[in-house]
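As a plain string of letters, each chain reads:
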Amino acid sequence: MISIIIPIIAETLVCLGAVSILFWTIRLGIGPTPTSYKVRAAISDILPDHVRGDVVELGCGWGHLIPLLQAQYPHVTIQGWERSPLPALFTHWSRKVKVVRKDFFTADLSNAGLIVCYLYPGAMTRIQQEIIPQLPSGCWIVTHTFALSGCEPVKTLKANDLYQTPVYLYQVRDTLHPATPARH
Ligand SMILES: C[S@@+](CC[C@H](N)C(=O)[O-])C[C@H]1O[C@@H](n2cnc3c(N)ncnc32)[C@H](O)[C@@H]1O
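Residues numbered from 1 in each chain as written. Predicted model: local features only at pLDDT ≥ 70, side-chain atom pairs only at ≥ 80, totals over all residues.

Draft legend 1. Quick peek at the overall build of the protein. Counting its secondary structure elements, the protein contains five helices and seven strands. In the protein, the succession of α and β elements from N to C terminus is α-α-β-α-β-α-β-β-α-β-β-β. Oriented by its inertia axes, the alpha-carbon framework of the protein measures out at about 65 × 35 × 35 Å. Across the 184 residues that make up the protein, the buried fraction comes to 33%. (Helix = DSSP H or I, 4+ residues; strand = E, 2+ residues; numbered from the N terminus. Buried ≥ 20, exposed ≤ 12 C-beta atoms within 10 Å, placed from the backbone.)

Here it is in C-alpha cells:
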C-alpha cells in the first residue's frame, strides 16, 4: 500500500510545484530563470567595492546571485524579494538569506545601497518610474541583459558567453535621475 501511496504523493507534489511556477511565471511576466555562470562572473567584476545601505535583489528566483553578494558584502544586510513561492522558499532555506515573498514594487527601498536584478523590459520601465525615484542618492543598481533606457551606466561589461550578455552598473546621483556618470 505504502509503495503505491508514496509515489502518488510525490507526483502530486511535483505537479503542484510545476503549476505554481507556471502560474507565477504567467502572472509576473517572467519565470525564475537563473543568471548563468558566465554572467555571474561579469557581475562579480562590476559590483562596487563598497555600498552604503542594504543590498536588495529584486526577483531573486532560486538565489543564484545571492552567494556572490554574500561573498562581496559579508557585513551588509542582504535581502531578496521574490513573489513565486517555491523559488522564494528554496532561496530562503538554501542560501540562508531573508526573502520577502511579496511584489517588490511595494518594497520600501529608502535604505538600499545596492539594487540587483535580472528582469524583462516592462519591469525595467516600471523600476525606472516607480523604484528609482525612491532610492537614496548614491545607491547602485546592477542589472544585466536589459538596460534602464535613457540612463547612462557608470560602467558596462560584456559576459564571456555566446550572447556577450551586457551587464550594467548605474548609480543614483539624485533621487530622480540615476544616470549621471560617476567614478566607480
Ligand atoms: C529571470 S528571474 C531572475 C532570478 C535571479 N535574480 C537570478 O538572476 O538568478 C526573475 C525573477 O523575478 C521574479 N519577479 C518578477 N517580478 C516580480 C515582482 N514584481 N515581485 C517579486 N518577484 C518578481 C520572478 O518570479 C523571477 O523569479
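On we go.
Draft legend 2. The arrangement of the site of the ligand in detail. Inspection of the region around the ligand gives 24 residues, with P32, T35, G59, G61 and R83 positioned closest. In terms of residue class, the shell around the ligand is built from 14 nonpolar, six polar and four charged. (Near = placed C-beta within 6 Å. Nonpolar A, V, L, I, M, F, W, Y, C, P; charged D, E, K, R; others polar.)

Draft legend 3. Local environment of the environment of Q164. As for its placement among the helices and strands, Q164 is situated in the loop between β6 (155–158) and β7 (166–171). Put simply, Q164 and E82 are 82 residues apart on the chain and 27 Å apart in space, counted from C-alpha to C-alpha. The contacts of Q164, once residues within four sequence positions are left out, are K158 and A159. (Contact = placed C-beta atoms within 7 Å.)

Draft legend 4. Inspection of helix α2 (residues 37–46) at higher detail. Residues of α2 that are buried: V39, A42 and I43. Axial view of α2: buried residues confined to an arc of 105 degrees, hence all on one face. With respect to the buried face of α2, the exposed residues turned more than 90 degrees away are Y37 and D45. Packed against the buried residues of α2 are α3 (66–72), β5 (140–144), β6 and β7. (Arc of directions from axis to C-beta.)

In short, geometric facts, not functional conclusions.
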